[in-house]
Amino acid sequence: MSVRRIMGTETEFGISVQGQPHANPMVASTRLVNAYASSTLKARRARWDFEEESPLRDARGFDMAREVADPTQLTDEDLGLANVILTNGARLYVDHAHPEYSTPECTNPLDIVKWDKAGELIALDACRFASVPTDADIVLYKNNTDNKGASYGSHENYLMRRSTPFGDIVRHLTPFFVSRQVITGAGRVGIGQDGRGDGFQLTSRADFFEVEVGLETTLKRPIINTRDEPHADPEKYRRLHVIIGDANLAEISTYLKVGTTSLVLAMIEDRYLTADLSVRQPVMSLRAVSHDPTLGHLLEIDGRTLTAVQLQWEYFHQATAYVAERYGVDVDVQTKDVLARWESVLTRLERDPMECATELDWVAKLKLLNSYRDRDGLEWNDAKLHLIDLQYSDLRPEKGLYNRLVKLGQIKRLLDDESVIAAMHDPPEDTRAYFRGRCLDKYSDSIAAASWDSVIFDLPGYESLQRVPTIDPMRGSKAHVGPLLDRSPTALALFEALTR
Amino acid sequence: MAQEQKQPRKSQETDEPADAAPAGQEAVAERKEQLDEDIDAILGEIDDVLETNAEDFVKSFIQKGGE
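Rules of the game
Residues numbered from 1 in each chain as written. Chains lettered and ligands numbered in written order. Predicted model: local features only at pLDDT ≥ 70, side-chain atom pairs only at ≥ 80, totals over all residues. Heavy atoms only, no water. Helix = DSSP H or I, 4+ residues; strand = E, 2+ residues; numbered from the N terminus. Areas by Shrake-Rupley, 256 points an atom, 1.4 Å probe, with all protein chains shown as cover. Rg over C-alpha atoms; globule rule 2.2 N^0.38 Å. Buried < 20%, exposed > 50% of the residue type's maximum accessible area, 1.4 Å probe, protein only. Contact = heavy atoms within 4.5 Å. Lys, Arg positive; Asp, Glu negative; His and termini not counted. Charge placed at Lys NZ, Arg CZ, Asp CG, Glu CD. Pairing = 2+ DSSP bridges. Axes fitted to C-alpha atoms, helices over the stretch in contact; angles between N-to-C directions. Core = buried A, V, L, I, M, F, W, Y, C linked by side-chain atoms within 4.5 Å. Expected span 1.5 Å × (residues − 1). Buried area = accessible area lost by both parts, 1.4 Å probe. Salt bridge = Lys/Arg side-chain N within 4 Å of Asp/Glu carboxyl O. Polar contact = N/O pair within 3.5 Å; in protein donor to acceptor, adjacent residues only side chain to side chain. Nonpolar A, V, L, I, M, F, W, Y, C, P; charged D, E, K, R; others polar. Domains from an automatic or database assignment. Patch = residues over 30% accessible without salt bridge, like charges linked within 9 Å, V, L, I, M, F, W, Y side chains within 5 Å. Parallel < 35°, antiparallel > 145°, perpendicular 65-115°, else oblique. Left-handed = near helix turned anticlockwise from the far one by under 90°. Phe/Tyr/Trp six-rings, centres within 6.5 Å; stacked < 30°, edge-to-face > 60°.

Some thoughts on the overall build of chain B
No. 1: What chain B contains, in helices and strands, is 2 helices and 0 strands.
No. 2: Just so you have it, chain B exposes about 5000 Å², and 51% of that area is on carbon and sulfur atoms.

Side note on the overall build of chain A
No. 1: Along the backbone of chain A there are 14 helices and 18 strands.
No. 2: Here chain A has a C-alpha radius of gyration of 22 Å; the compact-globule value for 500 residues is 23 Å, and the two agree.
No. 3: For chain A, the residues scored as buried account for 64% of the 500 residues in total.
No. 4: Long-range pairs, those at least 24 residues apart, make up 71% of the contacts in chain A between residues at least 6 apart in sequence.
No. 5: Total accessible area computed for chain A in this model is approximately 18000 Å², and 49% of it derives from carbon and sulfur atoms.
No. 6: Measuring between centres, the 59 positive side-chain charges of chain A sit 2 Å from its 75 negative side-chain charges.

Points about the sheet that holds strand β17 (residues 454-457) of chain A
Residue and element names in this part refer to chain A.
No. 1: A sheet is described by the order of its strands in space; here 4 strands give the open sequence β3-β16-β17-β18, paired in mixed fashion. Of all strands in the sheet, those bounded by a partner on one side alone are β3 (47-48) and β18 (466-469).
No. 2: Pairing analysis gives 2 bridges linking β3 to strand β16 (residues 447-451), with the strands arranged parallel. Residue pairing in the sheet places Arg-47 in a bridge with Ala-449 of β16.
No. 3: Relative to β17, helix α12 (residues 433-442) is tilted by about 25 degrees, and along the sheet it contacts β16, β17 and β18.

Section: the nonpolar core
Residues and elements named next belong to chain A.
No. 1: By size, the foremost hydrophobic cluster in this structure holds 134 residues, and its most contacted members are Leu-173, Trp-342 and Leu-349.
No. 2: Those residues in contact with Leu-349 that sit more than four places away from it in its chain are Val-182, Ile-183, Leu-295, Val-309, Cys-356, Leu-360 and Trp-362.
No. 3: With 22 residues, the next largest nonpolar core counts Leu-440, Ile-447, Trp-452 and Phe-457 among its residues.

What to know about the pairing of strand β6 (residues 98-102) of chain A
Residues and elements named next belong to chain A.
No. 1: The buried count for β6 comes to 5 of 5 residues, which makes it a mostly enclosed element.
No. 2: Neither face of β6 is open: one carries His-98, Glu-100 and Ser-102, the other Pro-99 and Tyr-101, and all of them are buried.
No. 3: In terms of strand pairing, strand β1 (residues 7-12) meets β6 through 3 bridges, oriented antiparallel. Opposite Glu-10, over in β6, you have Ser-102 as the bridge partner.
No. 4: Across 5 bridges, the pairing between strand β5 (residues 91-95) and β6 is antiparallel. Pairing of Tyr-93 across the sheet is with Glu-100, part of β6.

Re helix α6 (residues 308-327) of chain A
No. 1: Between its first and last C-alpha, α6(A) extends 28 Å over 20 residues, near the 28 Å set by a 1.5 Å rise per residue.
No. 2: Following α6(A) by one or two positions, Gly328(A) adopts a phi angle in the positive range, close to 55 degrees.

As for the interface of chain A and chain B
No. 1: If you look at the interface, chain A gives 69 residues, while chain B gives 36 residues.
No. 2: With both chains or domains summed, chain A and chain B bury close to 4500 Å², and 60% of this area falls on carbon and sulfur atoms.
No. 3: Seen at the junction of chain A and chain B, the total is 5 salt bridges.
No. 4: Put simply, Lys399(A) and Glu51(B) hold a salt bridge, and the shortest N to O gap is 3.8 Å.
No. 5: Counting across the interface, chain A meets chain B through 17 residue pairs in polar contact (both at pLDDT 80 or more).
No. 6: Elements supplying a minimum of two residues to the side of chain A that touches chain B: β2 (14-17), α6, α7 (333-351), α8 (361-376), α9 (383-392) and α10 (401-407) of chain A.
No. 7: At 8 residues, α7(A) tops the list of elements feeding residues into the side of chain A that touches chain B.
No. 8: Of the residues belonging to the side of chain A that touches chain B, the class tally is 23 nonpolar, 24 polar and 22 charged.

Some remarks on the domain arrangement of chain A
Residue and element names in this part refer to chain A.
No. 1: In terms of domains, chain A is made up of domain 1 (7-422) and domain 2 (429-499).
No. 2: Taken over C-alpha atoms, the centre of domain 1 sits 31 Å from the centre of domain 2.
No. 3: Counting residues at the interface gives 27 residues for domain 1 and 24 residues for domain 2.
No. 4: In total, about 2300 Å² of surface goes out of reach between domain 1 and domain 2, with carbon and sulfur atoms giving 54% of it.

Concerning a negative patch on the surface
No. 1: Among the surface-exposed residues, Glu26(B), Glu30(B), Glu33(B), Glu37(B), Asp38(B) and Asp40(B) lie close enough to one another that they form a single negatively charged patch.
No. 2: Considering the arrangement of structural elements, one finds Glu26(B) in helix α1 (residues 25-49).

Regarding the pattern of salt bridges
Residue and element names in this part refer to chain A.
No. 1: By the definition in use, this model includes 37 salt bridges over all chains.
No. 2: Notably, a salt bridge pairs Asp-337 with Arg-341, separated by 3.1 Å at the nearest N-O pair. Separated by 4 residues within a single helix, Asp-337 and Arg-341 lie in helix α7, roughly one turn from each other.
No. 3: For Asp-394, the salt bridge is made with Arg-396, and the minimal N-O distance between the two is 2.7 Å. Of the two residues, Asp-394 and Arg-396, both sit in the buried class.
No. 4: Residues participating in the shared-partner salt-bridge network are Glu-10, Arg-227, Glu-229 and Arg-239.

What about the packing of α12(A) against helix α13 (residues 478-487) of chain A?
Residue and element names in this part refer to chain A.
No. 1: Interaxial distance between α12 and α13 falls to 10 Å at its minimum, and their mutual angle equals 20 degrees. One finds that α12 runs roughly parallel with respect to α13. Handedness of the α12/α13 crossing: right-handed. Judged by residue contacts, Tyr-434, Phe-435, Arg-438, Cys-439 and Lys-442 of α12 engage Lys-478, Val-481, Gly-482, Leu-485 and Asp-486 from α13.
No. 2: When the residues that make up the contact of α12 with α13 are grouped by side-chain class, the tally is 5 nonpolar, 1 polar and 4 charged.

Looking at the packing of aromatic side chains
Residues and elements named next belong to chain A.
No. 1: Per the counting criterion, the structure on display carries 12 aromatic pairs over all chains.
No. 2: Ring plane angle 85 degrees and centroid distance 5.6 Å describe the contact between Phe-316 and Trp-342, whose orientation is recorded as edge-to-face. Of the two residues, Phe-316 is situated in helix α6 and Trp-342 in helix α7; the sequence distance between them amounts to 26 residues. No difference in accessibility class separates Phe-316 from Trp-342, as the two residues are buried.
No. 3: Measuring from centroid to centroid gives 5.4 Å for Tyr-462 and Phe-495, while their planes differ by 85 degrees, and the two rings are edge-to-face. Here Phe-495 lies in helix α14 (residues 491-499) and Tyr-462 lies in the loop between β17 and β18, a separation of 33 residues in the sequence.

Re the sheet that holds strand β13 (residues 237-242) of chain A
All names here are of chain A.
No. 1: Here 6 strands make up an open sheet; going across it, the order is β4-β5-β6-β1-β8-β13 and the pairing antiparallel. Each edge of the open sheet carries a strand with a single partner, namely β4 (83-85) and β13. The sheet shows a mean angle of 20 degrees between the axes of neighbouring strands, taken without regard to direction.
No. 2: Sheet topology places strand β8 (residues 154-161) next to β13; 6 bridges connect them, and they run antiparallel.

Listed below in structure tokens is the structure:
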């Protein structure tokens with residue numbers, strides 16, 4: 001495989017009710033999701049179908065007992081919190097105390113960027129729909145910490161072959177995750193979980209990771225998460241749930257994050273990686289890399305010492321050789337592009353990280369912060385620098401500093417506005433998200449519920465609800481069901497054609 | 001390891017052209033001045049949208065954990 005595979009991202013947004021720091025975040029999040037649903041979705045609102053969820057399934061082959069699980073791990077219990085499926089195939093819901101957006105299933109990194117960015121616009125619309133003259137405005141932030149000890153996630157999901165031993169994933173992916181921060185970091189002012197230490201670090205998440213491997217996501221966070229709900233045939237697939245990433249705003253950061261990770265997973269699946277790049281003390285090393293924006297921290301690897309950039313070069317060279325061997329000149333455009341950008345970014349990070357200020361979040365943020373420090377003589381503990389860090393991730397185009405920097409031509413993009421706006425409504429055409437999204441758009445009155453692996457119809461003439469499973473993420477694409485959807489005027493006609 | 005395949009380098013976005021040879025100290029100074037002006041202009045724009053009272057604003061951003 002290449003950079004292409006079934007994947008998706010999840011973003012928990014920071015939420016703030018203006019002027020009311022102690023407002024109940026669940027109430028505010030619910031208000032947002034409901035406002036978006038009632039303003040955009042047609043008559044009936046399909047609920048989420050939890051039947052196939054198993055958040056306590058461990059990739060190592062056992063289930064955690066419900067009674068020993070922390071209540072925050074029981075994500076399958078419908079707490080009556082808002083939870084809707086959108087016509088673009090995505091899910092918008094309330095998770096604990098945050099609004100969360102999950103992209104539809106995509107097959108390539110650029111589509112991830114597109115539907116991830118569409119999620120920002122959807123969240124922003126939700127804020128607008130929820131704002132009423134009598135109530136305070138709600139503002140969302142695409143970040144990962146309040147710098148007071150709380151962290152919330154932005155996760156990546158990659159569908160992998162079940163036959164790949166989990167030990168191989170742990171062995172080869174841990175050093176990759178320790179080092180990829182130099183590309184994927186969102187940047188953060190403050191050191192330590194509560195951000196009280198003075199300084200700037202590459203990522204917002206490194207300080208919240210405490211163990212190497214585990215099932216938890218809310219406490220004792222692991223570098224490699226073992227949650228295993230494939231939402232696909234479990235005999236064939238596992239879903240690798242990656243919780244260590246930062247919420248990225250820069251399109252090139254997100255693109256390289258999922259593109260390079262997908263390539264490394266392909267090499268693991270094909271047993272191509274043989275060298276042992278295990279980093280001594282990965283959890284400590286993860287933080288040490290994050291805490292050194294000069295990128296000079298030396299990692300201990302099998303008797304050698306390498307910087308994180310040099311460790312990334314090891315993966316890059318392997319990936320280049322792998323792609324050349326497997327595909328030669330027939331390599332697909334995105335795989336070629338990911339490799340070229342990966343090489344270019346590593347070259348410049350090694351020379352002077354500031355050369356990546358128009359592409360990578362952490363560098364763009366650091367450049368802005370340094371400009372303020374130079375001009376105003378600010379120390380790292382200055383509240384203004386903390387404000388810049390926070391406001392970088394404000395989703396509003398007029399207030400968010402990432403968005404301002406884009407407007408000022410300081411950050412490059414991969415996509416134009418039109419394609420991202422279209423992705424707020426349209427599903428990807430090459431996965432089952434197409435079937436889900438089109439059904440919700442065309443037959444909303446007849447859909448009782450849906451989830452990643454099902455669409456449940458409420459049809460005239462049928463006493464019970466009819467569940468159409470969509471267990472194969474590659475089926476239900478436009479090529480597969482587009483003509484059928486086009487010629488079925490009603491859900492009943494569609495269902496009868498499908499089950500005939 | 002197999003030899004590296006040469007990738008055609010994308011020039012459109014990521015790769016800045018290498019700096020042209022400086023045409024003397026003056027040009028360098030001029031460019032630096034221009035750069036400083038650009039940065040000042042950007043900071044000016046950012047100043048306009050930054051929330052007022054940074055300390056209170058940052059203090060009042062309180063979240064619960066998630067995931």
